[in-house]
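A look at the structure
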Amino acid sequence: MRIIRLDNPMMLDERLHHPYETYVVPDEVKGLPGTGANAYFLPYRAGCAAGGNACLYRGGAIGDQFIAMGIARAMAHYEGEGRIDVFIPARHIHLWEGLTGVRALPLAPTLDTWRGYRGHVPLDDILSKTADMNGNVYDHVYQSWGVPVEDEFKRPYVKLLEKDQHELGAIGFKVMGPYLLYGVHGSGLYKSYPTYQAGLFIKQFLKDNKDWSVVAVGSDDPPINVSHSRFHNLQGLTKNVRSLVFLAANAGVVVTPESALLHIASALDRPAVALLGPFGPEHTLKYYKNARALFPSHICPHAPCTSYEQPQAKCKDASNAEAGDQKWCNVIKAIKPEEIAAAVKEVI
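The sections below set out a description of the structure shown in this document. (Residues numbered from 1 in each chain as written. Predicted model: local features only at pLDDT ≥ 70, side-chain atom pairs only at ≥ 80, totals over all residues. Heavy atoms only, no water.)

1. Re the pairing of strand β14 (residues 272-275)
Both faces of β14 are covered, namely the face carrying Ala272 and Ala274 and the face carrying Val273 and Leu275. Pairing geometry for strand β13 (residues 253-257) and β14, over four bridges, is parallel. Bridge pairing in β14 links Val254 to Ala272. Between the parallel pair β13 and β14, the chain is carried across by helix α8 (residues 260-267), and the sense of this crossover is right-handed. Sheet topology places β14 next to strand β15 (residues 291-294); four bridges connect them, and they run parallel. Bridged to Ala274 within β15 is Ala293. (Buried < 20%, exposed > 50% of the residue type's maximum accessible area, 1.4 Å probe, protein only. Helix = DSSP H or I, 4+ residues; strand = E, 2+ residues; numbered from the N terminus. Pairing = 2+ DSSP bridges. Right-handed = clockwise from strand over helix to strand, strands pointing away.)

Structure (structure tokens):
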């Protein structure tokens, strides 16, 4: 973690930060005026907050919030009377509702506030520095805690709330009977499964499962082109991430690339089929007991490349690489629709 001293007001992660104050930000934040020395940092150990408090810091993508919630829940479990604060983007605070023993605060903390904690879990720094790690995120975070952390806390967390269905009701969403929830996108197009192939899987699933429906969620670019009375396409219609919590909680099975939806499904113990490419199953799925991973790593000698940006030079070494720049990860693209269908049968 690093220190920044502001001489002028600044918008940082969509929140106005005041001048003449010193804040703590992750090491990966670069180019800001006033970025200075490393911040005071005490690695968290279980029980260190007794009679005081400890904190977790996580900006980043939506899916990472659910991973962070699982870790914060573990902190609350091992602390007893100690207080746990988490610093997260203000726009994500509503995702943390219902997690007891944890107080969600908008980042970034001031240096004085940061120094008041008896232990720190700076997830931004931990995850960015282990991005090339072919290991498990939870194992890596917990290795310095000084106690054997139970598997129960090596998975995401989210609390289902009554209001999570409100947006869906407002758009008139209603499905009778069991449904498969399909997540169209990962955090980037290259981490997503090609929509044409997804459409082939969905058509076959509906043909083979006469009592089931399919609900698709995610961005509508590109869209899934399926026309069927039991296909409900919510692409581009849900704006509140908490709507995904309700949909996942009530789904018979979830099929998705690595994404927020995968972590939500795992937090709620729903059966899931994960379509993986840049990140392998060891990275987060190791303890997701109801998740079945499809990961044809033999397609690419670099798999898993654990890259947040598409490494075009490496992608061209895959056995199914096409000429020019690759649009999708070639590993995830190699998953066949019939393989998804077979995996779904295994988990439902």
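2. Describing empty space enclosed by the protein
Tallied over the entire structure, the rule returns three cavities of 30 Å³ or more. Each pocket or cavity is described by its volume, and for the largest cavity that value is around 100 Å³. As for the largest cavity, its lining consists of 14 residues, and the residues nearest its centre are Cys300, Cys305, Cys315, Cys329 and Val331. Elements supplying a minimum of two residues to the lining of the largest cavity: α10 (312-315) and α11 (330-333). For the lining of the largest cavity, the class distribution of residues is ten nonpolar, three polar and one charged. (1 Å grid on protein atoms, 1.4 Å probe; cavity = no way out; pocket = protein on both sides within 12 Å on 5 of 7 lines; lining within 4 Å. Points joined across faces, edges and corners; volume = space filled by probe spheres on them. Nonpolar A, V, L, I, M, F, W, Y, C, P; charged D, E, K, R; others polar.)

3. Focus: the sheet that holds strand β7 (residues 83-88)
Pairing within the open sheet is parallel, and its four strands lie in the order β8-β7-β6-β9. Both edges of this open sheet fall to β8 (102-106) and β9 (120-122), since each of them pairs with a single strand only. Ignoring strand direction, the axes of neighbouring strands in this sheet form an average angle of 20 degrees. With five bridges connecting them, strand β6 (residues 53-57) and β7 associate as parallel partners. By the bridge assignment for β7, Asn53 is matched with Arg83. Seen against the sheet, helix α1 (residues 62-79) touches β6, β7, β8 and β9 and runs at an angle of roughly 170 degrees to β6. (Axes fitted to C-alpha atoms, helices over the stretch in contact; angles between N-to-C directions. Contact = heavy atoms within 4.5 Å.)

4. A closer look at unusual backbone geometry
One can expect most non-glycine residues to show negative phi and most peptide bonds to be in trans. With omega at 5 degrees, the peptide bond leading from Leu107 into Ala108 counts as cis. With respect to the helices and strands, Ala108 occurs in the loop between β8 and α2 (111-115). At the junction of Asp221 and Pro222, the peptide bond is cis and its omega measures out at 0 degrees in the coordinates. Positive phi, normally seen in glycine, also occurs at Asp269, with a value near 60 degrees.

Don't take any of this as a statement about function, it's just geometry.
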